[in-house]
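Summary of the model geometry
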Amino acid sequence: MELVVFGYQIVPGRDEPLAFAASFEECQRDALFEREELRRNDPDIEPLGAMAIYRLTLAWPDTDGLLAVLNEKTSLLDAIVIDRKRVGVVAD
């Protein structure tokens, strides 16, 4: 069974870590809020770059994939993402 979620860059320009939401709109809203928080916490922050939004298709890993996660040889995210596409950006 596959599941689709959306993720945005918490740090503009960096794909790790990502924050996740159930819909594109929710993800976009959360990314805008994150940008506002960054500016509120540091009024002198340099201009923020664009934050990518991704559509991720997830599936439960097979036994080998799950064992790799449990034995800390790979991350859970790497084990469950079967497709990832950039679907938008949030910028000023």
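Computed from a predicted structure; not experimentally measured.

**Some remarks on the nonpolar core**
Judged by nonpolar contacts, Phe-6, Tyr-8, Ala-19, Ala-21, Cys-27, Ala-31, Met-51, Ile-53 and Val-90 together constitute the single largest core of 9 residues. Those elements giving two or more residues to this core turn out to be β1 (2–9), β2 (18–21), α1 (24–41) and β3 (51–59). Aside from chain neighbours lying at most four places away, what touches Ala-19 is Phe-6, Gly-7, Tyr-8 and Ile-10.

**Quick word on the pattern of salt bridges**
Scanning the entire structure with this criterion turns up 3 salt bridges. Glu-37 is the salt-bridge partner of Arg-40, the closest N and O atoms lying 2.5 Å from each other. Of this pair, Arg-40 and Glu-37 both sit in helix α1, 3 residues apart, which is roughly one turn of that helix.

**Topic: α1**
Here α1 is 18 residues long and its end C-alpha atoms lie 26 Å apart, about the 26 Å a rise of 1.5 Å per residue gives. Within α1, burial applies to Cys-27, Ala-31 and Arg-35. Each buried residue of α1 lies within a common arc of 80 degrees when the element is viewed along its axis, so the set occupies one face. For α1, exposure combined with an orientation more than 90 degrees from the buried face picks out Arg-29, Arg-40 and Asn-41.

**Looking at unusual backbone geometry**
Negative phi is the rule for most residues except glycine; trans is the rule for most peptide bonds. Pro-17 follows Glu-16 through a cis peptide bond whose omega is -5 degrees. The residue Pro-17 is located in the loop between β1 and β2 in this model. A positive phi is found at Glu-72, a non-glycine position, where the angle reads about 60 degrees. Mapped onto the secondary structure, Glu-72 falls in the loop between α2 (63–70) and α3 (76–80). The class of Glu-72 is exposed, set by a relative accessible area of 71%.

**Quick word on the sheet that holds β3**
Taken together, 4 strands build an open sheet; the order of strands is β2-β1-β3-β4 and the sheet is antiparallel. Single-partner strands in this sheet number two, and they are β2 and β4 (81–90). The mean angle between the axes of side-by-side strands here comes to 30 degrees, regardless of whether they run parallel or antiparallel. As paired elements, β1 and β3 share 7 bridges and run antiparallel to each other. From the neighbouring strand, Tyr-8 faces β3, where its bridge partner is Ile-53. Each of β1, β2, β3 and β4 touches α1; the most contacted strand, β1, lies at about 20 degrees to it.

Basis of the calculations
- Residues numbered from 1 in each chain as written.
- Predicted model: local features only at pLDDT ≥ 70, side-chain atom pairs only at ≥ 80, totals over all residues.
- Heavy atoms only, no water.
- Core = buried A, V, L, I, M, F, W, Y, C linked by side-chain atoms within 4.5 Å.
- Buried < 20%, exposed > 50% of the residue type's maximum accessible area, 1.4 Å probe, protein only.
- Helix = DSSP H or I, 4+ residues; strand = E, 2+ residues; numbered from the N terminus.
- Contact = heavy atoms within 4.5 Å.
- Salt bridge = Lys/Arg side-chain N within 4 Å of Asp/Glu carboxyl O.
- Expected span 1.5 Å × (residues − 1).
- Arc of directions from axis to C-beta.
- Pairing = 2+ DSSP bridges.
- Axes fitted to C-alpha atoms, helices over the stretch in contact; angles between N-to-C directions.

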